Amino acid sequence: MKRVLVAGGAGFIGSHLCDAIINNGDQVVCLDNLITGSKDNIVHLLDNPRFDYIEFDITNVNILKLIKDKYDKIDEIYDLASPASPVDYILYPIETLTVGSFGAKNLLDLALHYGSRILMASTSEVYGDPLEHPQQEEYWGNVNPIGIRSCYDESKRFMEAITAAYIRKYGLNAKIARIFNTYGPRMRLNDGRVVPNFISQALNNQDITVYGDGSQTRSFCYVSDLVNGLILLMASGLNTPVNLGNPDERSVMDFAKDVVGMLPTKSKIITTALPKDDPQRRKPDITKAKKHLSWSPTIGFKEGMQLTIEYFKKRLR
Ligand code: UDP
């Protein structure tokens, strides 16, 4: 049985990953400081003897002693701890910067101590407002270093840089996943991202708020597909960044129309101001993941959206 530490394990993606590890018969040590995660996401796991939950901030260096004193071995570490919504970057800019830097370093040091594999959750945001399309891993990106999203983009770029340094200097067995837009149950209703916003607006018969003219594009990956990709990447021999996302690209306006078409709603689509530095186009090139992990998404847009809508309906009741 493996013991797997999941930082950010009470978050949206982290909690689905905890489920997958537990379902696989392994043990989970779930860390979260709950600034954007929620105990609701893991409540069904709390009584499981193979699941430990520790409420702690990985930016605090005492995390090293706490874990080392408690566990003689950790086989794998996933670092999924970070705010991940543009609305959260504005609320928690310092926390976002420190978790991607100090937090990431603490976990890398833990991986060194245990000799464990470690997977760092990076992001498509390292490409910024990309000048290449679709985005391949070789592209270095177009990021505003002092813009309103920079706390996230630059902390994840730092995370990649320090991970690459630990790989070079110590031979650490580390992985870097560049995660593109992911959606599904357990997204926070009020996290401000487009999927929860449009679904909750449609369910409440409120205006659907398309930012800008809605011509900007995103490519949405269902969360179970993403989690499978993370697990395959962890098991792989790859030590360079890998895009994980669904290349099914659509404009935000088309996405708004799709949501209206999927629900009985009186909502109207309206356009409002486009936030600064909002990337104009985003679509992963997943050739590398297909080739080296034999991974590609399996859940189509309609199926994934139906599952997500069901979750939001229950939460709004
Ligand atoms: N967006 C929108 N209306 C909303 C929320 C978001 O039009 O109520 C747009 C946003 O401007 C961006 C896209 O949807 O172009 C995706 O935004 P999200 O916050 O989900 O994630 P991002 O990919 O920008 O990190």
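Rules of the game
- Residues numbered from 1 in each chain as written.
- Predicted model: local features only at pLDDT ≥ 70, side-chain atom pairs only at ≥ 80, totals over all residues.
- Heavy atoms only, no water.
- Helix = DSSP H or I, 4+ residues; strand = E, 2+ residues; numbered from the N terminus.
- Rg over C-alpha atoms; globule rule 2.2 N^0.38 Å.
- Buried < 20%, exposed > 50% of the residue type's maximum accessible area, 1.4 Å probe, protein only.
- Contact = heavy atoms within 4.5 Å.
- Areas by Shrake-Rupley, 256 points an atom, 1.4 Å probe, with all protein chains shown as cover.
- Lys, Arg positive; Asp, Glu negative; His and termini not counted.
- Charge placed at Lys NZ, Arg CZ, Asp CG, Glu CD.
- Near = heavy atom within 4 Å.
- Polar contact = N/O pair within 3.5 Å; in protein donor to acceptor, adjacent residues only side chain to side chain.
- Nonpolar A, V, L, I, M, F, W, Y, C, P; charged D, E, K, R; others polar.
- Core = buried A, V, L, I, M, F, W, Y, C linked by side-chain atoms within 4.5 Å.
- Pairing = 2+ DSSP bridges.
- Axes fitted to C-alpha atoms, helices over the stretch in contact; angles between N-to-C directions.
- Phe/Tyr/Trp six-rings, centres within 6.5 Å; stacked < 30°, edge-to-face > 60°.
- Left-handed = near helix turned anticlockwise from the far one by under 90°.

Counting its secondary structure elements, the chain contains ten helices and 13 strands. A globule of 317 residues ought to have a C-alpha radius of gyration of about 20 Å, and the chain, at 19 Å, matches this closely. Taking all 317 residues of the chain together, the buried fraction comes to 55%. Contacts spanning at least 24 positions in sequence make up 80% of the contacts within the chain whose residues lie at least 6 apart. Summing over all exposed atoms, the chain offers an accessible surface of approximately 13,600 Å²; the carbon and sulfur share of this is 51%. Here the chain contributes 37 positive and 37 negative side-chain charges, whose respective centroids are spaced 2 Å apart.

Bringing the site of the ligand into the picture now. Close contacts around the ligand come from 18 residues, with Thr209, Tyr211, Arg218, Asp278 and Arg282 the closest. Within the side chain of Arg149, one N or O atom sits 2.9 Å away from an oxygen atom of the ligand. Measuring from a nitrogen atom of the ligand, one finds a backbone N or O atom of Thr209 at 2.6 Å. Within the complex, the protein chains bury 96% of what would otherwise be the 510 Å² of accessible surface of the ligand. When contributions to the shell around the ligand are tallied by element, the ones reaching two or more residues are α6 (194-203) and β8 (208-211). For the shell around the ligand, the per-class residue count stands at seven nonpolar, five polar and six charged.

Moving on: the nonpolar core. In this structure, Val6, Ile13, Phe51, Tyr78, Leu80, Leu230 and Leu244 are the most contacted members of the largest nonpolar core, which totals 58 residues. Here Phe51 is in contact with Cys18, Ile22, Val28, Cys30, Ile42, Leu45 and Leu46, once residues within four sequence places are set aside. Counting residues in each nonpolar core, the second largest holds 28 residues, with Ala7, Leu64, Ile67 and Leu108 among its members.

A word on the side chain of Asn181. Mapped onto the elements, Asn181 comes out in the loop between β6 (174-179) and β7 (182-183). A polar atom in the side chain of Asn181 sits 2.7 Å from the side chain of Arg282.

All right, on to the side chain of Ser155 then. Relative to the assigned elements, Ser155 resides in helix α5 (residues 150-170). We classify Ser155 as buried; its relative accessible area is 2%. If we ignore the near neighbours within four places in the chain, the residues touching Ser155 are Thr96, Leu97, Gly100 and Ser150.

The next point concerns the sheet that holds strand β5 (residues 117-123). Reading across from one edge, β3-β2-β1-β4-β5-β6-β11 is the order of the seven strands in this open sheet, with parallel pairing throughout. With one partner strand each, in any of the chains shown, β3 (51-55) and β11 (242-244) form the two edges of the open sheet. Ignoring which end each strand starts from, the neighbouring axes of this sheet average 20° apart. Of the pairings in the sheet, the one linking strand β2 (residues 27-32) to β3 comprises five bridges and is parallel in character. Following the sheet pairing, Val28 is matched in β3 by Phe51. With respect to the sheet, α5 is in contact with β4 (76-79), β5 and β6, its orientation differing from that of β5 by roughly 150°.

A separate point is the packing of aromatic side chains. Counted under the stated rule, the structure contains ten aromatic pairs. Each ring, one from Tyr127 and one from Tyr139, has its centre 5.9 Å from the other, and the planes form 15°; the classification is stacked. Of the two residues, Tyr127 sits in the loop between β5 and α5 while Tyr139 sits in the loop between β5 and α5, which places them twelve residues apart along the sequence. Tyr139 shares its class with Tyr127; the two are buried. Where Phe198 meets Phe255, the ring centres are 5.7 Å apart and the plane angle is 25°; that geometry is what we call stacked.

What follows covers the packing of α6 against helix α8 (residues 252-262). α8 packs onto α6 with a crossing angle of 35° between their chain directions and a minimal axis gap of 10 Å. Relative to α8, α6 is oriented so that their crossing is right-handed. Between α6 and α8, the contacting residues are Val194, Val195, Phe198, Ile199 and Ala202 on the first element and Val252, Phe255, Ala256 and Val259 on the second. Looking at the contact of α6 with α8, its residues break down into nine nonpolar, no polar and no charged.

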